[in-house]
Amino acid sequence: MKLERRDGYWLLIGGPVPPGSSAITIGSVVSVRRRAAGSVGLLRHEAVHVAQWRRLGVVRFLIGYLGYYALGRSRGWSHRAAYRRIPHEIEAEWVSRRHGRGEDPLPWTSRRT
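Residues numbered from 1 in each chain as written. Predicted model: local features only at pLDDT ≥ 70, side-chain atom pairs only at ≥ 80, totals over all residues. Heavy atoms only, no water.

Peer 1: Tell me what's going on with the nonpolar core, and back it up with residues and numbers.
Peer 2: Among the nonpolar cores identified, the biggest contains twelve residues, and these are Y9, L11, I13, A23, V30, V32, A36, A37, L42, L43, A47 and V50. Only β2 (9-13), β4 (29-32) and α1 (40-74) provide two or more residues apiece to this core. A total of four residues in this core trace back to one element, the largest contributor, which is α1. Counting five residues, the second-largest nonpolar core is a separate cluster that includes W53, L56, F61 and I86. (Core = buried A, V, L, I, M, F, W, Y, C linked by side-chain atoms within 4.5 Å. Buried < 20%, exposed > 50% of the residue type's maximum accessible area, 1.4 Å probe, protein only. Helix = DSSP H or I, 4+ residues; strand = E, 2+ residues; numbered from the N terminus.)

Structure follows, in structure tokens:
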């Protein structure tokens, strides 16, 4: 494993990641599989999650994230469908794509709510 300080977060290359995922963010630490460490789009996506953790705090982030996932699964949606409908994931995907086109500032520079 390798730990790197990035602009606004820590990147743990080769750290623990759930099966089927390329990365996971907990607080200001992004753990990414070695094979995905060079993916700029993935790191932008995970940086949005860092900003969400900071904006919402631990409890609100986890209740929202896990709550929406559980709601989707309780409605009979597949894992993938429930995951894709979590508002945190929708925001991360949208912001990371806009930022990739130079239309949005870095997510952690946004004003806290």
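Peer 1: Please set out the pattern of salt bridges residue by residue, giving values where relevant.
Peer 2: What the rule picks out here adds up to four salt bridges. Between K2 and E4 there is a salt bridge, with the nearest N and O atoms lying 3.2 Å from each other. The exposure class assigned to K2 is partly exposed, which follows from its relative accessible area of 46%. In this structure, E4 engages R6 in a salt bridge whose closest nitrogen and oxygen atoms are separated by 2.7 Å. Judged by relative accessible area, which is 19%, E4 ranks as buried. With a relative accessible area of 30%, R6 lands in the partly exposed category. Beyond isolated ion pairs, a larger network of salt bridges with shared partners links K2, E4 and R6. (Salt bridge = Lys/Arg side-chain N within 4 Å of Asp/Glu carboxyl O.)

Peer 1: Mind laying out the side chain of E46, listing which residues take part and the relevant values?
Peer 2: Mapped onto the secondary structure, E46 falls in helix α1. It turns out E46 is buried and unbridged, and the closest side chain with the opposite charge, R84, is 10 Å from it. Discounting residues that sit within four places of it in the chain, E46 has contacts with A23, I24, T25 and V30. (Lys, Arg positive; Asp, Glu negative; His and termini not counted. Contact = heavy atoms within 4.5 Å.)

Peer 1: Would you mind going over the sheet that holds strand β1 (residues 2-6) in detail, with residue names and values included?
Peer 2: Taken in spatial order, the four strands make up an open sheet running β1-β2-β4-β3, and their pairing is mixed. The sheet is open, and its two edges are formed by β1 and β3 (23-26), each paired on a single side. Taken pair by pair, the neighbouring strands of this sheet meet at an average axis angle of 20 degrees, ignoring direction. Examined bridge by bridge, β2 and β4 share four bridges and lie parallel to one another. Each residue of the ladder has a partner; that of L11, found in β4, is V30. In the packing of α1 onto the sheet, the strands contacted are β1, β2, β3 and β4, and the crossing angle to β3 comes to about 20 degrees. (Pairing = 2+ DSSP bridges. Axes fitted to C-alpha atoms, helices over the stretch in contact; angles between N-to-C directions.)

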